Every structure is written in structure tokens, then in C-alpha cells.
Amino acid sequence: MGISSVNRFCCALLACAATSCLGGKEEASPLPLIPKPLEASTGKASFRLTPKATIQLSDTSAAMKQLGQYLSQLLAPATGLTLPAGPITTDSAGRILLSVNETDTSLGGEGYILDINDYQVHILAQKPAGIFYGIQTLRQLLPAAIEASSVATHTDWIVPEVQIRDKPEYAFRGSMLDVARHFFGVAEVKRYIDLIAAYKMNILHLHLSDDQGWRIEIKSRPKLTEVGGSTQVGGGKGGFYTQDEYAEIVRHAADRFVTIIPEIDMPGHTNAAIVSYPWLNCRDTVHTLYTGIEVGFSTFCAKNDSTYAFIQDVVRELATLTPGPWIHIGGDESHVTLPADYIDFVNRVQPIVKQYGKKVIGWDEIANADLHPNTTVQFWADVPNTQLAVKKGAQVIMSPSKKAYLDMQYDSTTRLGLNWAGYIEVDDAYNWDPATLTEGVTRKDILGIEAPLWTETIQTMDDIEYMVFPRLPGIAEIGWADTKGRDWAEYKLRLAKHGSRFKAMGVDYYPSARVDWK
Ligand code: NGO
């Protein structure tokens, strides 16, 4: 099917979805896929997954073997089947074929083709990442019970005949988890990675330090975790990742094509570090651990060389734990740093990050410094800062607090969260376009999008899930799908069908009244 006929198909589908055009036949409904694929067509046949199925790999590179295993493990709990994954054999009926073709660059490094008929499932991509995303799409075409953690009874594992060509709009599609205000352990972070990757996000930004806690072991500065990691908001015991644990998180993420971005927030938001090493502040007086939720009261001393020697140590150790290209230096709300000191500070930290082979990301305030060519600015609140960043040639990550902050309450009745940026219902989180939201910030300036979850009020995995779902799938779609094909009235029909998936995954989601959950 050519692109134009696919487009016609998509439009027909849209029109049907809006008007439920019965025409004597079955009611048409959109494929329940989030994010929406670029091109999709369906046929009348279907594929049935049987105990005889195999997963066949076009090559047995480590990356492909790992994808084969990943898919087998994904399907095992609910189906009770352990599908073997190995090289291509002549026994091809009923197989799931995963193949990479390095020479086909048309869908880019993350794109894929998913071709399902009554004979086989075929996922084809230029790179393993594309296969991973094809698997996520296949997963959403299976019955919701596929997400169950134990064998589901009475389920026929059938998927419809489809042909999908798909690739992302933005290269950077992320979420941020604040593990500083409340600490979340390795298992919880791994689950979070699994959940965002299911919606084709490829970045997890970990907010590893703040006034209330320091969460990553730095061997050359042990008090950071001994002292700075010992509490959290509300006075709980806090916690931190050893470097081995952190490496385990990074590996888990890499297996799901997620890059971890570590953030050390500075020069403000640094009370936990300052209590650990009081000379980090210009006034070497007694500082105490902080368990409240005010912001903007702490600062590193921007004038002292010892501050930068400390940052050298932290960045050096962090860089060795970070296969991804970025280190986030925070830079937000440094209300007690003199403006000139703030600019000096950001100017001195950028080369340190570069020295260890990494690129800087900082919150939008850093636009006031002299930005290095590779520095990326994360818009969260201040439009002039972001416009300034663009004028200085920086790329921007869009995290508008009024749309993408997952810690904002849905409405005045939400038991968790904050509301300083407003209430964000599920349609508000979906109804925005990064490329037109902010004057002077256009598509070419934007690296991608990120939805942060700050955790002043978030204490458990259930709390995380309640604030993140169902908003995150919509933001994931903003990052992945073609803007022209996005429409809330149509999206909410697809989202409605994910309610049963969330349930099967054990995700404690907010059942917004704006969606007619199935
Ligand atoms: C702000 C602040 C954070 C808060 C968050 C709460 C940024 C970039 N700095 O966002 O410290 O936790 O709001 O919504």
C-alpha cells in the first residue's frame, strides 16, 4: 500500500472513529496504539500466537539475541509460553521474525516496519532500537491480558493483520524522576524505565541531588551519601545508589534503549551537599539536613576553587558511570547566588563536563551564561530565558511546567502533587505542540520533550503511577508522532483502551472522567 492510500485509510479511520460510521458493518475504531504510528493499514486476516511459535533473528549479534530474549520474556508470564529465540530456520510458519537491514536508512535509527499476516509477524528495522519499538507496537496489538504477570486463562493470543511503517518525530523523548526529594530504589527505577519504554520514550533523567538528599555514591567524597543521603522530605531515611547499583540501572535502561541522564543540581538546590561538606558554601557555618519543600535557599560558593575541585571529582566519577552523552548540571532557582556569580559558575562548570567527554544540559536559567556550542537548555518556566538560549544557538528540551509537569495535580481533588503551575488534566497534557508553544522556539531548535515527575509529595511506586498515568502516554505521543495526525478526540479513544492494559500491568492510574475507559 502506498503512502497516499495509507493516508486515505487513516483519514477514513479518523472520520469513522468520530462518527462511528456503521454502514451495516462493524464499527470501525482506530488501532489502539500509543504513540500513533506514522502509517498504518489493516487487513481482515489475523495472526495467532501458538505454543509452536518461535522467535527468529536475522543475525545473532549480541544486540539481536538480547532483543529475542527480551521478547520471549515479555510474552512468557501471561501466555505461559517460553518461545525459543534463535537464528532463522526453514520452519517459518507462525514465527515472529526480527530482522535488521543496515542498508535501509529510510526509517532512521529508531524506525521500524511491522508486517503481520496470518502466516507470520515480521519486524524489520535498520537498527536494533527500531526492532525494540516494533516489539512495543506488537505488544499493544495483543490482548491487554498480555501484560499480566501470571498466566492469563481463556485468552486467544491473536493480533490483527497490519502493515505499519513508523518512526519518531523527536530524537529525545524523556521523563525525569526526582529521586532526591523522596528516594526510590533500584527495583522501582527499573519498573519506571519499563513503563516509559513501553510508550517508546528513550530518556530517563534522574534528579540525583537536591536540598533534601544526595543519591549517588561518589567514592572520592563519601560524606555526600553518608550524610547527604541520610534523609528525605518528611524526615524518612532517604537512601542512595551505590555505583554498582547505579550501573545496574544504566544497564537495565540500555537494554530498553533508554539513556540515563544524571543530574547534579547546582549551584542552588545544594543543601544536602553543603551539610556533607560545609566549605562548599561561602559561609562555613553549621548547616543542617533539610526535610521541607521550600526551594531557592542554598548555594555553592561560586568564588572558591575548592568548589570546582569538588565538581571535578563528582563529574569525573559520574561520567564513568554514564555511557550516554549528557550530564545535567541543574542551574534552576539559584535565588541566593549573586547573578554575576551564577554566570561565572555555569561558565566554569561547562568545561569540566566537556573535559570528561560529556555535554551539558541545564534548566532554562543557564541561558544567562555563555553557552558552549553543545550545551542544551531545558525549558521549564521562563520563556525569555528559553528565547535567549535559542538566540545563542542552543538546542532546547521542552518541559513546560504548565503542560508536562507530572507532579501537577489533575484538579483540586487530587490527593497528591502540587499546583503552582496549574492543574493539568489528561487532555491538557496532550493538547500542545512543542514547536508552536513558545514564540521564537521552533521545530529546528527543539531536541525533544521531557515530562518531569518531582517528588515532594510522592512517596511510593503507586503514587508515581497515579501521577504519571494516564498523562505520560500522551506526552510520549507528542514526542513520537507526527503533529498533523494528533487530535484529542481521536486520541482519547485509543487511550481508553489502555485502561485495561494499565490494570493488567498493575499500574495504579488516575481514571480521568475525560476518558471513557474500556
Ligand atoms: C521546579 C523546581 C523544582 C520543584 C518543582 C516542583 C524546577 C526546574 N525547579 O522545577 O525544584 O521540585 O518545580 O514542581
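The shown structure was predicted, so the numbers you read here are calculated from the model rather than taken from an experiment.

Engineer: Account for the overall build of the chain, with residues named and values stated.
Structural biologist: When helices and strands are tallied, the chain shows 16 helices and 17 strands. Computed over its C-alpha atoms, the radius of gyration of the chain comes to 24 Å, within 12% of the 24 Å expected for a compact globule of 518 residues. C-alpha atoms of the chain, sized along the principal axes, occupy 75 × 45 × 45 Å. Looking at the 518 residues of the chain, the share that counts as buried comes to 58%. Contacts in the chain between residues at least 24 apart in sequence constitute 73% of all its contacts with a sequence separation of at least 6. For the chain, the accessible surface area stands at approximately 20000 Å², while carbon and sulfur atoms represent 53% of it. Between the centroid of the 48 positive side chains of the chain and the centroid of its 60 negative side chains there is a distance of 4 Å.

Engineer: Give a detailed account of the packing of helix α15 (residues 471–480) against helix α16 (residues 488–505), specifying residues and quantitative values.
Structural biologist: Closest axis-to-axis distance for the α15/α16 pair is 10 Å, and the angle between their directions is 130 degrees. Taken together, the axis directions place α15 and α16 in an arrangement best described as oblique. Judged by the sense of rotation from one axis to the other, the crossing of α15 with α16 is right-handed. Within the contact between the two elements, α15 uses Pro 473, Gly 474 and Glu 477 and α16 uses Tyr 491, Arg 494 and Phe 502. Broken down by class, the residue content of the contact of α15 with α16 amounts to three nonpolar, one polar and two charged.

Engineer: Go over the sheet that holds strand β9 (residues 203–207), please, and point to the residues and values.
Structural biologist: Spatial strand order, β8-β9-β12-β13-β14-β15-β16-β17: eight strands in a closed barrel with parallel pairing. Recorded for the sheet is a direction-independent mean angle of 30 degrees between the axes of neighbouring strands. As paired elements, strand β13 (residues 326–330) and strand β14 (residues 359–363) share three bridges and run parallel to each other. Bridge pairing in β14 links Trp 326 to Lys 359. Against the sheet, helix α9 (residues 339–355) contacts β12 (259–266), β13 and β14, and its axis sits at roughly 160 degrees relative to β13. Packing against the sheet, α15 makes contact with β8 (172–178) and β17 (446–453), and its axis sits at approximately 175 degrees to β17.

Engineer: Lay out the packing of aromatic side chains with the relevant residues and their values.
Structural biologist: This structure, assessed with the given rule, holds 31 aromatic pairs. Residues Phe 172 and Trp 326 carry aromatic rings whose centres are separated by 5.4 Å and whose planes lie at 70 degrees to one another, so their mutual orientation is edge-to-face. Residue Phe 172 is found in strand β8, and its partner Trp 326 is found in strand β13; the two are separated by 154 residues along the sequence. No difference in accessibility class separates Phe 172 from Trp 326, as the two residues are buried. Geometrically, the ring pair formed by Tyr 430 and Tyr 491 is stacked, given 4.0 Å between the ring centres and 5 degrees between the ring planes. You can see Tyr 430 sitting in helix α12 (residues 426–430) and its partner Tyr 491 sitting in helix α16, a full 61 residues away along the chain.

Engineer: Describe the site of the ligand, listing the residues and the values that go with them.
Structural biologist: Looking at the ligand, there are 14 residues lining it, with Arg 181, Asp 332, Tyr 405, Asp 407 and Glu 456 nearest. The contact in question runs from a nitrogen atom of the ligand to an N or O atom on the side chain of Asp 332, over 2.7 Å. A distance of 2.5 Å is found between an oxygen atom of the ligand and a side-chain nitrogen or oxygen belonging to Glu 456. Bound to the protein, the ligand loses 97% of the 340 Å² it would expose on its own. A class-by-class count of the residues in the shell around the ligand yields eight nonpolar, one polar and five charged.

Engineer: Please give an account of the domain arrangement of the chain that cites residues and values.
Structural biologist: Partitioning the chain into structural domains gives domain 1 (3–166) and domain 2 (172–505). Each of domain 1 and domain 2 has a C-alpha centre, and the two are 33 Å apart. Between domain 1 and domain 2, the contact holds 32 residues from the first and 28 residues from the second. Interface area for domain 1 against domain 2, summed over the two sides, is near 2600 Å², with a carbon-plus-sulfur share of 61%. Interface area lost by domain 1 to domain 2 is led by Ile 34, Pro 35 and Lys 36, which between them contribute 26%. Run the count over domain 1 and domain 2 and you get three salt bridges. A salt bridge links Lys 36 to Glu 490, with the nearest nitrogen and oxygen atoms 3.6 Å apart. Where domain 1 meets domain 2, there are 13 residue pairs in polar contact (both at pLDDT 80 or more). Counting residues per element, the side of domain 1 that touches domain 2 draws most heavily on helix α3 (residues 128–141), which supplies eight residues. The residue inventory of the side of domain 1 that touches domain 2, partitioned by class, reads 21 nonpolar, six polar and five charged.

Engineer: Describe in detail empty space enclosed by the protein, supporting the description with residues and values.
Structural biologist: If you walk through the whole model with that rule in mind, you get three cavities of 30 Å³ or more. Quantified by volume, the second largest cavity comes out at close to 60 Å³. Taken together, Asn 101, Asp 104, Leu 107, Gly 108, Gly 111, Tyr 112, Ile 113, Leu 124, Ala 125 and Gln 126 make up the lining of the second largest cavity. Listing elements by their share of the lining of the second largest cavity, those giving two or more residues are β5 (112–116) and β6 (121–125).

Engineer: Please set out helix α10 (residues 383–391) residue by residue, giving values where relevant.
Structural biologist: Turning to α10, its buried residues are Asn 385, Thr 386, Ala 389 and Val 390. Around the axis of α10, the buried residues are gathered within 140 degrees of arc, so they sit on the same side. For α10, the exposed residues lying more than 90 degrees away from the buried face are Pro 384 and Lys 391. Looking at the buried residues of α10, the elements they touch are β15 (376–379) and β16 (395–398). Between the side-chain oxygen at the start of α10 and the backbone nitrogen of Asn 385 there is a gap of 2.8 Å, and the oxygen is on Asp 382. Gly 393 occupies a position one or two residues after α10 and carries a positive phi of about 90 degrees.

Engineer: Tell me what's going on with the state of the cysteines, and back it up with residues and numbers.
Structural biologist: The full count for this structure, using the stated rule, is one disulfide. Residue pairing for Cys 282: its cysteine sulfur links by disulfide to Cys 301, the two sulfurs lying 1.9 Å apart. Of note, the bridge from Cys 282 to Cys 301 carries an S-S torsion of about 80 degrees and is right-handed in sense. Of this pair, Cys 282 sits in the loop between α7 (271–276) and α8 (305–320) while Cys 301 sits in the loop between α7 and α8; the two residues are 19 residues apart in sequence, bridging distant segments of the chain. Here Cys 282 falls in the exposed class, since its relative accessible area comes to 51%.

Criteria and cut-off values
Residues numbered from 1 in each chain as written. Predicted model: local features only at pLDDT ≥ 70, side-chain atom pairs only at ≥ 80, totals over all residues. Heavy atoms only, no water. Helix = DSSP H or I, 4+ residues; strand = E, 2+ residues; numbered from the N terminus. Rg over C-alpha atoms; globule rule 2.2 N^0.38 Å. Buried < 20%, exposed > 50% of the residue type's maximum accessible area, 1.4 Å probe, protein only. Contact = heavy atoms within 4.5 Å. Areas by Shrake-Rupley, 256 points an atom, 1.4 Å probe, with all protein chains shown as cover. Lys, Arg positive; Asp, Glu negative; His and termini not counted. Charge placed at Lys NZ, Arg CZ, Asp CG, Glu CD. Axes fitted to C-alpha atoms, helices over the stretch in contact; angles between N-to-C directions. Parallel < 35°, antiparallel > 145°, perpendicular 65-115°, else oblique. Left-handed = near helix turned anticlockwise from the far one by under 90°. Nonpolar A, V, L, I, M, F, W, Y, C, P; charged D, E, K, R; others polar. Pairing = 2+ DSSP bridges. Phe/Tyr/Trp six-rings, centres within 6.5 Å; stacked < 30°, edge-to-face > 60°. Near = heavy atom within 4 Å. Polar contact = N/O pair within 3.5 Å; in protein donor to acceptor, adjacent residues only side chain to side chain. Domains from an automatic or database assignment. Buried area = accessible area lost by both parts, 1.4 Å probe. Salt bridge = Lys/Arg side-chain N within 4 Å of Asp/Glu carboxyl O. 1 Å grid on protein atoms, 1.4 Å probe; cavity = no way out; pocket = protein on both sides within 12 Å on 5 of 7 lines; lining within 4 Å. Points joined across faces, edges and corners; volume = space filled by probe spheres on them. Arc of directions from axis to C-beta. Disulfide = S-S within 2.5 Å.

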